[in-house]
Amino acid sequence: DEKENLTVASNLPMVLHKMERALATSAMYPTGESSWLWGELADKIVQKYQVPVFLLNCGWAAATSENWSKSANGELAFNQYVNKYWPNQQPFANLKNSLQYLASHTGLRAVLWLQGESDAAHNQVSAQNYEANVKNLIDKSRQLFGYNMAWNVARASVGPRNEWADLVIKGQNDILKNVSNTFPGPELDTIQNPRPIAHGHFENVKGGIQGLSLAANAWMRTMVYISQCKVQSH
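Since the model is a prediction, treat every value here as computed from it, not as a measurement.

Basis of the calculations
- Here, residues in each chain are numbered from 1, in the same order as that chain's written sequence.
- Only residues with pLDDT of at least 70 get local features here, since the model is predicted, and only at 80 or more are side-chain atom pairs given and counted; chain-wide, interface and lining totals rely on the full set of residues.
- To get the side-chain values, all heavy atoms of the structure are used, and hydrogens and water are removed first.
- Burial status follows relative accessibility: with a 1.4 Å probe on protein chains alone, a residue under 20% of its type maximum counts as buried, one over 50% as exposed, and anything between as partly exposed.
- Labels follow the DSSP assignment, with helices taken as runs of H or I lasting at least four residues and strands as runs of E lasting at least two, numbered in each case from the N terminus.
- Any carboxyl oxygen of Asp or Glu that lies within 4 Å of a side-chain nitrogen of Lys or Arg is treated as forming a salt bridge with it.
- Only rings of Phe, Tyr and Trp enter the pairing, Trp through its six-membered ring, and a pair is recorded when the two centres are within 6.5 Å. The plane angle decides the type: under 30 degrees is stacked, over 60 is edge-to-face, the rest tilted.
- The axes used here are C-alpha line fits, helices contributing only the stretch in contact, and every angle between their N-to-C directions lies in the interval 0 to 180 degrees.
- The labels follow the angle: roughly parallel below 35 degrees, roughly antiparallel above 145, roughly perpendicular from 65 to 115, and oblique for the rest.
- By convention, the crossing between two helices is left-handed when the near helix turns anticlockwise from the far helix through less than a right angle, and right-handed when the turn is clockwise.
- Contacts were defined at the residue level, with two residues in contact if any of their heavy atoms lie within 4.5 Å.
- Any residue that is not Ala, Val, Leu, Ile, Met, Phe, Trp, Tyr, Cys, Pro, Asp, Glu, Lys or Arg is counted as polar, Gly included; the first ten are nonpolar and the last four charged.
- The criterion for strand pairing is that DSSP finds at least two bridges linking the strands in question.
- Working definition of a nonpolar core: buried Ala, Val, Leu, Ile, Met, Phe, Trp, Tyr and Cys residues. They are joined through side-chain atoms within 4.5 Å.
- Residue-level confidence of the predictor is what pLDDT reports, using numbers from 0 through 100.

> Kindly report on helix α3 (residues 65-72), identifying the contributing residues and their values.
Residues three or four positions apart in an α-helix share a direction because the helix packs 3.6 residues into each turn. For α3, the buried fraction is high: 6 of the 8 residues fall into the buried class. Just beyond α3, the residue with positive phi is glycine 74, at close to 90 degrees.

This is the structure:
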């Protein structure tokens, strides 16, 4: 069932597949369930800079900052929604495999970090712990790739529940203050808030708020930072 799918975690080596233009309904490799806001963002970058754009979506449903940090340390991360541990070092395995099997071929300009909803909804995470979790993830990913790649960190916490949103946002701001080569992504809590009740995510609502488009525009306004980062091949 749908909940059980949250524990699926392949650990097979990634292959650089044939690239083709993504559509709105395209699954964004390796784990994106659609092109979501990233497809629209890519179009905007192409239009402005007249360069090809290659985006990977390594996101993992329901993952908290602690899940990312623990799996980056080689530990099993616990999925609180289905009360099971993810196998195969997920969710970090998605980022690790992308860096080792894909970014090493294509180069890498930046990691776009958009996470915080699960922490704000369920975990009563402190700002200090959030910062420490994500800093550890950044450090481990840079060690793995052998390069101090840039991270663009969005301020994001809004979901179906937001009890600890202020602490998550403070943690994200503290990362930007204290972790080297990190840059401010958009402040996404100002967009389509509250989110659609059915799923709690950005959505282009027919005849209503165009949440995905607004979020893509917000990311685009931060692209000045990414355009200044040197592309690194490994």
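> Give me the lowdown on the pattern of salt bridges, citing residues and values where you can.
Here the structure, examined in full by the defined rule, presents 4 salt bridges. Here lysine 70 makes a salt bridge to glutamate 66, at a shortest N to O gap of 3.9 Å. With lysine 70 and glutamate 66 both in helix α3, this residue pair falls 4 residues apart, about one helical turn. The partly exposed category is assigned to glutamate 66, whose relative accessible area is 42%.

> If you had to explain the packing of aromatic side chains to someone new, which residues and values would you point to?
Tallying each qualifying case throughout the model produces 6 aromatic pairs. With a centroid separation of 6.2 Å and an interplanar angle of 70 degrees, the aromatic rings of tryptophan 60 and tryptophan 86 are classed as edge-to-face. Of this pair, tryptophan 60 sits in the loop between α2 (36-49) and α3 while tryptophan 86 sits in the loop between β2 (84-85) and α4 (92-106), placing them 26 residues apart in sequence. For tryptophan 60, a relative accessible area of 17% gives the class buried. Through a chain of ring-to-ring contacts, the aromatic side chains of Trp36, Trp38 and Trp219 assemble into a single cluster.

> Tell me what's going on with the packing of α3 against helix α6 (residues 127-145), and back it up with residues and numbers.
The contact between α3 and α6 brings their axes to 8 Å, and the two run at 40 degrees. If you check the angle between α3 and α6, you find them oblique. Viewed along their axes, α3 and α6 form a crossing whose handedness is left-handed. Contact with α3, carried on its side by Ser65, Glu66, Trp68, Ser69 and Ala72, involves Tyr130, Asn133, Val134, Asn136, Leu137 and Lys140 of α6 and no other residues of that element. Class assignment for the residues of the contact of α3 with α6 results in 5 nonpolar, 4 polar and 2 charged.

> Can you tell me about the pairing of strand β4 (residues 150-155), naming the residues and giving the values?
With respect to burial, β4 is a largely interior element, 6 of its 6 residues being buried. Both faces of β4 are covered, namely the face carrying Ala150, Asn152 and Ala154 and the face carrying Trp151, Val153 and Arg155. Pairing geometry for strand β3 (residues 110-113) and β4, over 4 bridges, is parallel. In the sheet register, valine 111 faces β4, and the bridge partner there is tryptophan 151. With 4 bridges joining them, β4 and strand β5 (residues 182-187) adopt parallel strand pairing. Among the inter-strand pairings, tryptophan 151 is bridged to a residue of β5, identified as threonine 182.

> How would you explain the nonpolar core if you had to name every residue and give the values?
If you look at the biggest cluster of nonpolar residues, it comprises 28 residues, and the most contacted ones within it are Trp113, Leu137 and Trp151. Mapped by element, the contributors of at least two residues to this core are α3, α4, β3, α6, β4 and α7 (165-178). Those residues in contact with leucine 137 that lie beyond four places of it in its chain are Trp68, Ala72, Phe92, Leu95, Trp113 and Trp151. In terms of nonpolar packing, the next biggest core, distinct from the first, is built from 18 residues, Ala154, Leu212, Trp219 and Met220 among them.

> Break down the sheet that holds β3 for me, with residues and values.
Strand order in this open sheet of 3 strands is β3-β4-β5, and the pairing throughout is parallel. Two strands bound the open sheet, and with one partner strand each, they are β3 and β5. Sheet twist, expressed as the mean angle between neighbouring strand axes with direction ignored, is 20 degrees.

> Explain the packing of α6 against α7 residue by residue, including any values.
It is the contact of α6 with α7, at a shortest axis distance of 8 Å, that shows an interaxial angle of 45 degrees. One finds that α6 runs oblique with respect to α7. Considering how the two elements wind past one another, α6 and α7 form a crossing that is right-handed. Contacts from Ala127, Tyr130, Glu131, Val134 and Ile138 in α6 reach Leu167, Val168, Lys170, Gly171, Gln172, Asp174, Ile175 and Asn178 in α7.

> Give a description of the confidence of the model for the chain that names residues and reports values.
Caution is warranted with low-pLDDT regions, since their predicted coordinates should not be read in detail. Taken over all residues, the pLDDT of the chain has a mean of 83, while the share at 70 or more is 83%. Across residues 230-234, where pLDDT falls below 50, the model places 14 contacts with residues more than four positions away in sequence or in other chains.

> Go over the environment of aspartate 189 with me, naming the residues and quoting the values.
Note that aspartate 189 resides in the loop between β5 and α8 (211-220). Classification of aspartate 189 as buried rests on a relative accessible area of 18%. For the pair formed by aspartate 189 and alanine 156, sequence separation is 33 residues and the distance between their alpha carbons is 5.6 Å. Not counting residues within four places of it along the chain, the set of residues in contact with aspartate 189 comprises Arg155, Ala156, Ser157, Val158, Ile169 and Arg195.

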